[in-house]
There are 2 protein chains.
Amino acid sequence: MSPRMGLTGERVTMAAAELADEDGFANVTVSALARRLGVKDASLYSHVRNLRDLRVRVGVLATEEISDRIAPAVAGLSGHRALAAFATAIRGYARDHPGRYAATQLRVEPEEWGDSPGPRRAGELTLALLRGYDLEEPDATDAVRLLRSTVYGFIDIELTEGFAHPRELDASWERILLALHHTFTDWKNHESTD
Amino acid sequence: MSPRMGLTGERVTMAAAELADEDGFANVTVSALARRLGVKDASLYSHVRNLRDLRVRVGVLATEEISDRIAPAVAGLSGHRALAAFATAIRGYARDHPGRYAATQLRVEPEEWGDSPGPRRAGELTLALLRGYDLEEPDATDAVRLLRSTVYGFIDIELTEGFAHPRELDASWERILLALHHTFTDWKNHESTD
DNA sequence: CCACTAACCTAAGAGCTCTAGGTTTCCTGG
DNA sequence: CCAGGAAACCTAGAGCTCTTAGGTTAGTGG
């Protein structure tokens, strides 16, 4: 309404994040965002390189926000409690901000991060969690992959409602985290079997 | 080149699947497909309802093909061997046909399946595999979810090259499947712990 | 050989991304 | 206080996309 509304890179990114949560990440589009901001499409290109850049910004923002939830959630915890807090923080974020979370799945090269420490922090938090299980390489790497795959896969399927059965998702979630915990705990005892 | 090249719904779907594998599922587009087939965009709308329909067809086709790989792979196997054969059949398909596999992740309502038994068969094969671990409900449901989440998550991350560390992915894969096997085997012993 | 079905076309509207270049607002320093 | 420049915002337009409406032409059964 005002002749200048003072848009900036950050403000545009925030608006894109809100748009993502409301209408889905696939609908984060230059023109949709321009409409929402009451501005012409071309005006956004002063703040954002292109569509890809806009989406990456949302993804980086989401990664930062997830790290900001994980860190306090796991503080002072260990073992199963830490694992559950870690994974549930991510899941809670995905529920609260499905569009932002979806942006997280973009493959984004380190040089695209800009100056954000978000993505690196997320990796460090994962490593720190697994350190509690006393795994040496290469087991730690495998464990990180298992954790990421499981949490990522569960949330993604949950968000797209791909789980057909009616059993409470929360119960499945708890059960799966427990299984992960036991897997990490007993990692060394399972070296080779059939 | 010929005045009529005899396109049909199936032929269009196959061409779309090939396009998906070559250029990525995101590039499965009406106009790209028309270009590849040497036909005008509008001509495809006699064979396909719209873009969504085109993509769903690729997804359903992929689900059928995956089931066709799983069934013979697990035939006659049980326990860890069956689990590994099951999961590796899916992973192999995803590597051979990344675009088709990506189409699998579309959320598609049963009424969109058309007359294909593919999606139902895939569910049945999963259930059959888990039956070998002698789990009663609701454990079986949880186990199916864990299996789906893990396999789905690992493959997805692998395809988008999101694994930063250099350790062989194959070794991680074997290790993760082994962990899953033990989880299913010991499911009942892990009922509640901390 | 004729009629019908289905394959394929042209034409066109509407939405999207992105560039080039112009105008207006706002802040800053002299 | 007001000049000047940076930055916010604009118009215009090219080129791609999906999709519909309606017309033309090729193959097939009677």
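Being a predicted model, the structure only gives us computed values, none of them experimental. (Residues numbered from 1 in each chain as written. Chains lettered and ligands numbered in written order. Predicted model: local features only at pLDDT ≥ 70, side-chain atom pairs only at ≥ 80, totals over all residues. Heavy atoms only, no water.)

## Here we look at helix α2 (residues 30-37) of chain A
Link 1 in the chain: Listing the buried residues of α2(A) in full gives A:V30, A:A32, A:L33, A:A34 and A:L37.
Link 2 in the chain: Once α2(A) ends, the next one or two residues include A:G38, with phi positive near 70°. (Buried < 20%, exposed > 50% of the residue type's maximum accessible area, 1.4 Å probe, protein only. Helix = DSSP H or I, 4+ residues; strand = E, 2+ residues; numbered from the N terminus.)

## Considerations on the pattern of salt bridges
Pairing is possible between side chains that carry opposite charge, provided their charged atoms lie close to one another.
Link 1 in the chain: According to the stated counting rule, one finds 30 salt bridges over all chains in the structure shown.
Link 2 in the chain: The salt bridge involving B:R36 is made with B:E22; its shortest N-O contact spans 2.4 Å. Here B:R36 is found in helix α2 (residues 30-37), whereas its partner B:E22 is found in helix α1 (residues 9-23), with 14 residues between them in sequence.
Link 3 in the chain: Across the salt bridge formed by B:R69 and B:D96, the nearest N and O atoms sit 3.0 Å from each other. One end of the pair, B:R69, is in helix α3 (residues 51-74); the other, B:D96, is in helix α4 (residues 79-96), and 27 residues separate them in sequence.
Link 4 in the chain: B:R69 sits in the partly exposed class, given a relative accessible area of 30%.
Link 5 in the chain: Each of A:R91, A:R95, A:E158 and A:D170 takes part in salt bridges that share partners, so that together they form one network. (Salt bridge = Lys/Arg side-chain N within 4 Å of Asp/Glu carboxyl O.)

## Quick look at the protein's contact with DNA strand C
Link 1 in the chain: Within the structure, DNA strand C sits among 22 residues, and A:T29, A:S31, A:L51, B:M5 and B:S43 are positioned closest to it.
Link 2 in the chain: Sugar and phosphate atoms form 73% of the subset of DNA strand C atoms that lie within 4 Å of the protein.
Link 3 in the chain: Between DNA strand C and the protein, one listed contact pairs a phosphate oxygen with a backbone N or O atom of A:V30 at 2.9 Å.
Link 4 in the chain: One of the backbone nitrogen or oxygen atoms of B:G6 is found 3.1 Å away from a phosphate oxygen of DNA strand C. (Near = heavy atom within 4 Å. Polar contact = N/O pair within 3.5 Å; in protein donor to acceptor, adjacent residues only side chain to side chain.)

These values are about where atoms sit, not about what they do.
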